[in-house]
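If you want the building blocks of each chain, they are given just below.
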Amino acid sequence: MNNTIKIIISWLIALWTSNVFLSSLFYKFDNTALEPQHIFSTIGIWIGDTINTTLGELFAEYGAILIGLAELVTALVLLLPIILWKHREKLHCIGGLMASVVMLGAVFFHIFTPLGWHPTWQVANEVACQAVFIAPNSCADTSLANAALSILVLGIVMVWLNKKRN
């Protein structure tokens, strides 16, 4: 594959991933956002029931912030070649790996926990729903898991495109 094409594909993946991660930061760091409250409390309850109660409580309380920080660092690593072009290949390889690891966790939780592929939570009214209002007092997000899966796969592609060849 032509090196210019690899660079373009790598940047498209980096920009998509960074956009998804950075645009969701507000919700992860905002204690009043209903969607992350539902997601991280559902996973926290599952962790508490499956692994350890204290760990589940900690994840429910701080999981959104922890994941938000991981996504922020990943986005910065992916965008850092704007300044450090000489290290683009290495940074995109590392950033792709980081993105894949973070999203592997997201995909796991969407598949193997009560969260499900299309999380649904209760809202007071349609105005309170920042995703898709599906029924009276009910809201769902149909794109979150799909975005996580796409970033998982694209992160692996990014690692493959940018790995050091002997």
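Because the structure is a prediction, the values reported are computed rather than measured.

### What to know about the layout of surface pockets
Of the voids in this model, the largest pocket is the one considered here, and its volume is about 720 Å³. Along the wall of the largest pocket there are 31 residues; nearest its centre are S24, K28, I39, E71 and L144. Within the residue set of the lining of the largest pocket, elements represented by two or more residues are α1 (3-23), α2 (25-29), α3 (34-50), α4 (53-79), α5 (88-112) and α6 (144-162). No other element matches the 7 residues that α5 contributes to the lining of the largest pocket. Among the residues forming the lining of the largest pocket, the class breakdown is 21 nonpolar, 6 polar and 4 charged. Here the second largest pocket is characterised by a volume of approximately 160 Å³. Taken together, 15 residues form the lining of the second largest pocket, with N31, Q37, A60, E61 and A64 sitting closest to its centre. Those elements that provide at least two residues to the lining of the second largest pocket are α2, α3 and α4. It is α4 that contributes the most residues to the lining of the second largest pocket, 6 residues altogether.

### Structural notes on the packing of aromatic side chains
In total, this model carries 8 aromatic pairs according to the counting rule given. Summarising the aromatic geometry, the rings of F26 and Y27 are spaced 5.3 Å apart at their centres and angled 75° between planes, so their arrangement reads as edge-to-face. Judged by its relative accessible area of 54%, F26 falls in the exposed class. Residue classification places Y27 among the partly exposed positions, given a relative accessible area of 33%. Note on W46 and F108: the rings are 6.0 Å apart at their centroids and 65° apart in plane angle, and the pair reads as edge-to-face. Taken together, the residues W46 in helix α3 and F108 in helix α5 connect sequence positions 62 residues apart. Here F108 falls in the partly exposed class, since its relative accessible area comes to 35%. Among the aromatic residues, those joined into a cluster by ring pairs are F40, W46, F59, F108, F109 and F112. The ring centre of W85 lies 5.8 Å from the NZ or CZ of R88, which sits over that ring.

### So, the nonpolar core
The biggest cluster of nonpolar side chains holds 10 residues, and these are V20, F21, A75, A99, V102, M103, V107, A148, I151 and L152. The element that contributes the greatest number of residues to this core is α5, accounting for 4 residues. Those residues within four positions of L152 in sequence are excluded, and the remaining contacts are S100, M103, L104 and V107. Formed by 9 residues, the second largest nonpolar core is a distinct cluster that contains I39, W46, A64 and L115.

### What about a nonpolar patch on the surface?
Taken together, the side chains of F29, L58, Y62, I65 and L69 make up a nonpolar region of the molecular surface, amounting to roughly 470 Å² of accessible area. With 4 residues, the single largest contributor to the nonpolar patch is α4. In this structure, L58 sits in helix α4.

### Observations regarding the packing of α5 against α6
Where α5 meets α6, the axes come as close as 7 Å, and the angle between the chain directions of the two elements is 150°. Judged by the angle between their axes, α5 and α6 are roughly antiparallel. Considering how the two elements wind past one another, α5 and α6 form a crossing that is left-handed. For the contact of α5 with α6, the per-class residue count stands at 16 nonpolar, 6 polar and 2 charged.

About the criteria used
Residues numbered from 1 in each chain as written. Predicted model: local features only at pLDDT ≥ 70, side-chain atom pairs only at ≥ 80, totals over all residues. Heavy atoms only, no water. 1 Å grid on protein atoms, 1.4 Å probe; cavity = no way out; pocket = protein on both sides within 12 Å on 5 of 7 lines; lining within 4 Å. Points joined across faces, edges and corners; volume = space filled by probe spheres on them. Helix = DSSP H or I, 4+ residues; strand = E, 2+ residues; numbered from the N terminus. Nonpolar A, V, L, I, M, F, W, Y, C, P; charged D, E, K, R; others polar. Phe/Tyr/Trp six-rings, centres within 6.5 Å; stacked < 30°, edge-to-face > 60°. Buried < 20%, exposed > 50% of the residue type's maximum accessible area, 1.4 Å probe, protein only. Lys NZ or Arg CZ within 6 Å of the ring centre and 35° of its normal. Core = buried A, V, L, I, M, F, W, Y, C linked by side-chain atoms within 4.5 Å. Contact = heavy atoms within 4.5 Å. Patch = residues over 30% accessible without salt bridge, like charges linked within 9 Å, V, L, I, M, F, W, Y side chains within 5 Å. Areas by Shrake-Rupley, 256 points an atom, 1.4 Å probe, with all protein chains shown as cover. Salt bridge = Lys/Arg side-chain N within 4 Å of Asp/Glu carboxyl O. Axes fitted to C-alpha atoms, helices over the stretch in contact; angles between N-to-C directions. Parallel < 35°, antiparallel > 145°, perpendicular 65-115°, else oblique. Left-handed = near helix turned anticlockwise from the far one by under 90°.

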